[in-house]
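Report on the structure
Chain by chain, the residues:
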Amino acid sequence: MTQKVLIIEDDHDVRESLVLLLEMEGYTVVVADHGREALDYLQAAAELPCLILLDLMMPVMDGFEFRARQKENATLASIPVVIMSAAGNVHEKLPGLDPKAYIKKPMDFSDVADAVGRYCA
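This structure is a prediction, so every number in the text was calculated from the model and none was measured.

On the basis of which strands lie adjacent, the open sheet formed by 5 strands has the order S2-S1-S3-S4-S5 and parallel pairing. Two strands in the sheet have a free side with no partner beyond their single neighbour: strand S2 (28-32) and strand S5 (101-104). Between one strand axis and the next, the sheet turns through 20° on average, direction left out of account. Across 4 bridges, the pairing between strand S1 (residues 4-8) and strand S3 (residues 51-55) is parallel. Within the sheet, the bridge partner assigned to Ile7 lies in S3 and is Leu53. Helix H3 (residues 63-72) contacts S1, S3 and strand S4 (81-85) of the sheet and is inclined by roughly 145° relative to S3. Across the sheet, helix H6 (residues 109-119) is in contact with S1, S3, S4 and S5; its angle to S3 comes to roughly 145°.

Listed below in structure tokens is the structure:
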């Protein structure tokens, strides 16, 4: 069974690039355009992902609200999260988000592959 990764990213080009990269690495990839869509998916999923790649700035439900909601559910809270953001001040906000890692946009895809490999081994 292949490991599943959830990408929560509203930028179509970034999302599709990540999907291609991770599928080439052998992962199954699920995508969501925003946090609400991701929560709906996670609450209905038969199998949870080994990792969530989370953008912060998105419409409908941003990464901050998604992370707060995720932490309210013990099962969902156990899924490691890697934050992806271009925001310059994100380090000030990271302690409340409690991510396993932070990848600055524009991303180096080797950093993404390394993070996914670390948490989905």
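Its place among the elements puts Lys4 in strand S1. One buried charged side chain, Lys4, makes no salt bridge at all; its nearest oppositely charged neighbour is Glu47, positioned 4.1 Å away. Here the side chain of Lys4 touches Tyr41 through a polar contact of 3.4 Å, side chain to side chain.

Attention shifts here to a negative patch on the surface. Together, Asp10, Asp11, Asp13, Glu16 and Glu23 line one region of the surface with negative charge. For Glu23, the location among the structural elements is in helix H1 (residues 12-24). Judged by its relative accessible area of 44%, Glu23 is partly exposed.

The subject of this paragraph is the pattern of salt bridges. The tally for this structure, following the rule as stated, stands at 5 salt bridges. Residues Arg36 and Asp40 are paired through a salt bridge, measuring 2.9 Å at the closest nitrogen-oxygen approach. Residue Arg36 and its partner Asp40 are located together in helix H2 (residues 35-44), separated by 4 residues, close to a single helical turn. Judged by relative accessible area, Arg36 falls into the partly exposed class, the value being 28%. Residues joined in a network through salt bridges with shared partners are Glu9, Asp55 and Lys105.

Definitions and limits used
- Residues numbered from 1 in each chain as written.
- Predicted model: local features only at pLDDT ≥ 70, side-chain atom pairs only at ≥ 80, totals over all residues.
- Heavy atoms only, no water.
- Pairing = 2+ DSSP bridges.
- Helix = DSSP H or I, 4+ residues; strand = E, 2+ residues; numbered from the N terminus.
- Axes fitted to C-alpha atoms, helices over the stretch in contact; angles between N-to-C directions.
- Contact = heavy atoms within 4.5 Å.
- Buried < 20%, exposed > 50% of the residue type's maximum accessible area, 1.4 Å probe, protein only.
- Lys, Arg positive; Asp, Glu negative; His and termini not counted.
- Salt bridge = Lys/Arg side-chain N within 4 Å of Asp/Glu carboxyl O.
- Polar contact = N/O pair within 3.5 Å; in protein donor to acceptor, adjacent residues only side chain to side chain.
- Patch = residues over 30% accessible without salt bridge, like charges linked within 9 Å, V, L, I, M, F, W, Y side chains within 5 Å.
- Areas by Shrake-Rupley, 256 points an atom, 1.4 Å probe, with all protein chains shown as cover.
- Charge placed at Lys NZ, Arg CZ, Asp CG, Glu CD.

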